[in-house]
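# A structural walkthrough
What follows is each chain in one-letter form.
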Amino acid sequence: MRFKGSRIDGGGSLFLREVGKSAAMRYEGRLYRPPSEADALIVQATIGCSWNHCTYCDMYRDKTFRVRELRETIEDLETAARSCGDDVDKLFVADGDALVMPMDHWLPILDAAKRLFPNLRRVSCYAMARNVLAKTDDELARLRTHGLSLLYIGPESGDDATLKKIAKGDDAAAHVEAAHRAHAAKIQLSVIALLGIAMDRSDEHARATADLVTKMNPAFFSALTVTIVPDTPLDRLAQKGRFEVPPVPALLRELRTMVANANPTQTVFRTNHASNYLPLGGQLPADRERIVALIDAALRGEIPLRREASRGL
């Protein structure tokens, strides 16, 4: 069950194939997952996003949030297991902030996944800081014991003024607290930043994001580039002349500031998302000098950037 790209168009029953095997998975609307979950089985345990106010995002605006019937979610896992159970080693639980699910849904899903997929090594989902903070320390620990091992959290910025402007819903301090509690439960974090989202606070955004990454100390850190998506609040601001995506050099300078100033313990760093102009990879802080040198070379025009036509969400 291998997926390409970051978006999957669902609706009704989606028929997936891998190595001559097949499974019918019931998906509602468009599905999204991180690039690193391209080879994961996706189960849609929630529909939409419980927050759904971020100004730049249209991923779940066509959905009314709800927790899916537990019986249906388990049935989909059982269907997948019958056709390719031995092939599934990663499970991504969708949609937008699935950690919001109550424990009486999470634990049966995790237990079923462990039972049905003998080679399962990772279960992950998107989460907001508030989702983590809404769980008790005991609940987070139980989720980890039952198999939830990785949370993708997108603060987008460490700058509180920017976070308020984009209606993120949680400030930098909430993200730091959420990270500390996830670490205590031994749940890994993948933190996502958004280049270009701050406009007139570009330097503050970049420096505060570097500080936030240092304090959150995630296992993984990635940067995406803002895209103006039609019919979002950000699009309406752009039409009024109140927002525009910065030029590429400004985006690269933001990225450089983040990399040069972030000081996590040991973090895998990537800008391999299709929205970015300069795909990079390495470890922070170990590869900091090499990555900064590559960004500087790109700023001097010595490294080709991804063509506009090749960029996407």
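Here is a short report on the structure shown in this document. Note that this is a predicted model, so its numbers are computed, not measured.

## Considerations on the packing of helix α9 (residues 248–261) against helix α10 (residues 288–299)
Running from N to C, α9 and α10 point in directions that differ by 165 degrees, and their axes come no closer than 10 Å. Relative to α10, α9 is oriented roughly antiparallel. Taken as a pair, α9 and α10 cross one another with a handedness that is left-handed. Judged by residue contacts, Pro249, Leu252, Arg253, Leu255, Arg256, Val259, Ala260 and Asn261 of α9 engage Arg288, Ile291, Val292, Ile295, Asp296, Ala298 and Leu299 from α10. In terms of residue class, the contact of α9 with α10 is made up of ten nonpolar, one polar and four charged.

## Looking at α10
The terminal C-alpha atoms of α10 lie 16 Å apart, and with twelve residues this matches the ideal 16 Å at 1.5 Å per residue to within 8%. In this fold, the buried residues of α10 make contact with α9, β13 (267–270) and β14 (281–284). Of the residues one or two after α10, Gly301 is the one with positive phi, at around 80 degrees.

## Concerning the environment of Thr73
Counting through the fold element by element, Thr73 comes out in helix α1 (residues 70–84). The buried category is assigned to Thr73, whose relative accessible area is 1%. Setting aside anything within four residues of it in sequence, one finds Thr73 in contact with Val43, Gln44, Ala45, Arg68 and Ile109.

## As for the nonpolar core
The nonpolar side chains of a soluble globular protein tend to be buried, and buried together. Core analysis: the largest hydrophobic core is formed by 79 residues, its most contacted members being Leu77, Val93, Leu99, Trp106, Phe117, Leu148 and Leu151. Per element, the largest residue contribution to this core is eight residues, and it comes from helix α2 (residues 103–116). The contact partners of Leu99, leaving out residues within four places of it in the chain, are Trp106, Cys125, Tyr126, Ala127, Asn131, Val132, Lys135, Leu143, Leu148 and Leu151. Core analysis: the next-biggest nonpolar cluster, separate from the first, contains nine residues, Cys54, Ile166, Leu194 and Val226 among them.

## Brief notes about the sheet that holds strand β12 (residues 220–225)
Read from one edge of the open sheet, eight strands run β5-β8-β9-β10-β11-β12-β13-β14, paired in mixed fashion. On the outer flanks of this sheet lie β5 (41–44) and β14, each paired with one strand and no other. Across the sheet, the mean angle separating the axes of adjacent strands is 25 degrees when strand polarity is ignored. Of the pairings in the sheet, the one linking strand β10 (residues 148–156) to strand β11 (residues 188–195) comprises five bridges and is parallel in character. Residue pairing in the sheet places Leu150 in a bridge with Gln188 of β11. Lying over the sheet, α1 contacts β5 and β8 (90–94), oriented at roughly 160 degrees with respect to β5.

## Here we look at the pattern of salt bridges
Enumeration over the complete set of coordinates arrives at 21 salt bridges. Across the salt bridge formed by Arg30 and Asp58, the nearest N and O atoms sit 3.6 Å from each other. Of this pair, Arg30 sits in strand β4 (residues 30–32) while Asp58 sits in the loop between β6 (46–47) and β7 (66–67), and the two are 28 residues apart along the sequence. For the pair formed by Arg30 and Asp58, the shared burial category is buried. Between Lys63 and Asp95 there is a salt bridge, and its shortest N-O distance comes to 2.9 Å. Linking Lys63 in the loop between β6 and β7 with Asp95 in the loop between β8 and α2, this pair joins segments that are 32 residues apart in sequence. Taking the relative accessible area as the measure of exposure, Lys63 reaches 11% and is therefore buried. On the basis of relative accessibility, which here comes to 0%, the residue Asp95 falls in the buried class.

About the thresholds
- Residues numbered from 1 in each chain as written.
- Predicted model: local features only at pLDDT ≥ 70, side-chain atom pairs only at ≥ 80, totals over all residues.
- Heavy atoms only, no water.
- Axes fitted to C-alpha atoms, helices over the stretch in contact; angles between N-to-C directions.
- Helix = DSSP H or I, 4+ residues; strand = E, 2+ residues; numbered from the N terminus.
- Parallel < 35°, antiparallel > 145°, perpendicular 65-115°, else oblique.
- Left-handed = near helix turned anticlockwise from the far one by under 90°.
- Contact = heavy atoms within 4.5 Å.
- Nonpolar A, V, L, I, M, F, W, Y, C, P; charged D, E, K, R; others polar.
- Expected span 1.5 Å × (residues − 1).
- Buried < 20%, exposed > 50% of the residue type's maximum accessible area, 1.4 Å probe, protein only.
- Core = buried A, V, L, I, M, F, W, Y, C linked by side-chain atoms within 4.5 Å.
- Pairing = 2+ DSSP bridges.
- Salt bridge = Lys/Arg side-chain N within 4 Å of Asp/Glu carboxyl O.

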